[in-house]
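Architecture at a glance
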Amino acid sequence: MAHRWTNKLTRADVTPEAVWLNRRQILGGLGLAGAGIAVGSGATAQASRAELEPNSWEDITTYNNFYEFGTGKGDPAANAHQMVTEPWSIRVDGLVDNPGDYMLQDLIGGLTVEERIYRLRCVEAWSMVVPWNGIELADILDRVGVQDGARYVAFETAVQPENMVGVRRRVMPFPYVEGLRLDEAMHPLTIMATGIYDRPIPNQNGAPIRLVVPWKYGFKSIKSIVRITLTEEQPPNSWNTLQPREYGFYANVNPNVDHPRWSQADERVIGSGGGGLLGNLQVERRPTEMFNGYEEEVAGLYEGMDLSVFY
Ligand SMILES: Nc1nc2c(c(=O)[nH]1)N[C@H]1C(S)=C(S)[C@@H](COP(=O)(O)O)O[C@H]1N2
Ligand SMILES: [Mo]
């Protein structure tokens, strides 16, 4: 890769999880206990914000969208343990030099796993901050060899009807599919996550491997991927196919373009314990940022596109 990306959010932006991170050490500006964990100089300043906007392991793993397991926020945590994630193979096909059915480890083994602390902003106007562990998608694509003529990357989620109650109930068409333009897929912010909080990613969050594209609405970040296809034409994506008036292909986070049924100007912060309510959760609001706060890194990808319109 020409350049790797440097994190701006620190671990102090994430809910300190007792086992994993000692808040007093952060507040004291000290190092962290764990080997290989580095904390930037902004950590102390960020700590008070973290106390106002906590995101815990529990928030991240119990408030989910994963319609294969039902449409309720608690359904994935209740049902996703039924998904079989071992062995896991991923079909790589289309315009690649090395197509085939890869065992997961053969596809990602030896590639650099990094921690990426990203805000996840759902199109439903809530957000949380997640400390992912993952691999740059570009590293995987380089491994399989993208051919000239490929312009998009398509992704597909596993379908295990016997293990997925939402699939059996046909709550939407499955498999869930998504896609990125090749330059979006190759961007260093785009990762394939295999962990959270340095633990294997829980089933409800998309085990054993899912996409994370932090400047786009959460529905782009497709879970439990079993197929990656390099294409010349723009591939379909599930929510756009289902509701083209409401969900686009690009789906870049944009506070200035409202969803037809609600504002995107701000978002409810899961786990913030504020005065507002989201279902039975106490939440506060924060203003939504252009490209979810990653404008500096990604705006260049959309030069010449009219950002005041829905796409
Ligand atoms: N296969 C699949 N991937 C999916 C979804 C889904 O229903 N099925 N939901 C999407 C939506 S709308 C969001 S907001 C994120 C939620 O990720 P999380 O549960 O890890 O926070 O996953 C996305 N990926
Ligand atoms: Mo979402």
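The following refers to the structure shown. Keep in mind it's a predicted model, so treat the numbers as computed, not measured.

Definitions and limits used
- Residues numbered from 1 in each chain as written.
- Chains lettered and ligands numbered in written order.
- Predicted model: local features only at pLDDT ≥ 70, side-chain atom pairs only at ≥ 80, totals over all residues.
- Heavy atoms only, no water.
- Near = heavy atom within 4 Å.
- Polar contact = N/O pair within 3.5 Å; in protein donor to acceptor, adjacent residues only side chain to side chain.
- Nonpolar A, V, L, I, M, F, W, Y, C, P; charged D, E, K, R; others polar.
- Salt bridge = Lys/Arg side-chain N within 4 Å of Asp/Glu carboxyl O.
- Helix = DSSP H or I, 4+ residues; strand = E, 2+ residues; numbered from the N terminus.
- Buried < 20%, exposed > 50% of the residue type's maximum accessible area, 1.4 Å probe, protein only.
- Pairing = 2+ DSSP bridges.
- Axes fitted to C-alpha atoms, helices over the stretch in contact; angles between N-to-C directions.

1. Observations regarding the site of ligand 1
Contacts to ligand 1 come from 16 residues, most closely from Asn64, Tyr67, Glu68, Thr157 and Lys223. The contact in question runs from a nitrogen atom of ligand 1 to an N or O atom on the backbone of Ser221, over 2.9 Å. In the model, an oxygen atom of ligand 1 is placed 2.6 Å from a nitrogen or oxygen of the Lys223 side chain. Across the shell around ligand 1, the residue classes break down as seven nonpolar, six polar and three charged.

2. Re the pattern of salt bridges
Opposite charge on two side chains permits pairing when their charged atoms draw close. Within the structure shown, the criterion is met by 14 salt bridges. The partner of Arg285 in a salt bridge is Asp266, with the nearest N and O atoms 2.9 Å apart. In this pair, Arg285 sits in strand 13 (residues 281-287) while Asp266 sits in strand 11 (residues 266-269), placing the two residues 19 residues apart along the sequence. Under the relative-accessibility criterion, Asp266 is labelled partly exposed at 25%. Among the charged side chains, a salt-bridge network with shared partners connects Arg121, Glu267, Arg286 and Glu289.

3. Considering the sheet that holds strand 2 (residues 100-103)
Ordered by their spatial adjacency, five strands build an open sheet running 2-1-10-5-6, and the pairing between neighbours is mixed. Unpaired on one side and paired on the other, strand 2 and strand 6 (177-181) mark the two borders of the sheet. The mean inter-strand angle of the sheet, taken between neighbouring strand axes irrespective of direction, is 20°. Taken together, the four bridges between strand 1 (residues 89-94) and strand 2 define a ladder with antiparallel strand orientation. Bridge pairing links Val92 to Gly100 in strand 2.

4. Quick word on the environment of Gly271
Structurally, the position occupied by Gly271 is in the loop between strand 11 and strand 12 (276-278). C-alpha of Gly271 to C-alpha of Ser127: the two residues are 144 residues apart in sequence and 9.4 Å apart in space.

5. Quick notes on helix 6 (residues 137-144)
Burial runs high along helix 6: six of the eight residues are buried. Taken as a whole, helix 6 has its buried residues at Leu137, Ala138, Asp139, Ile140, Leu141 and Val144.

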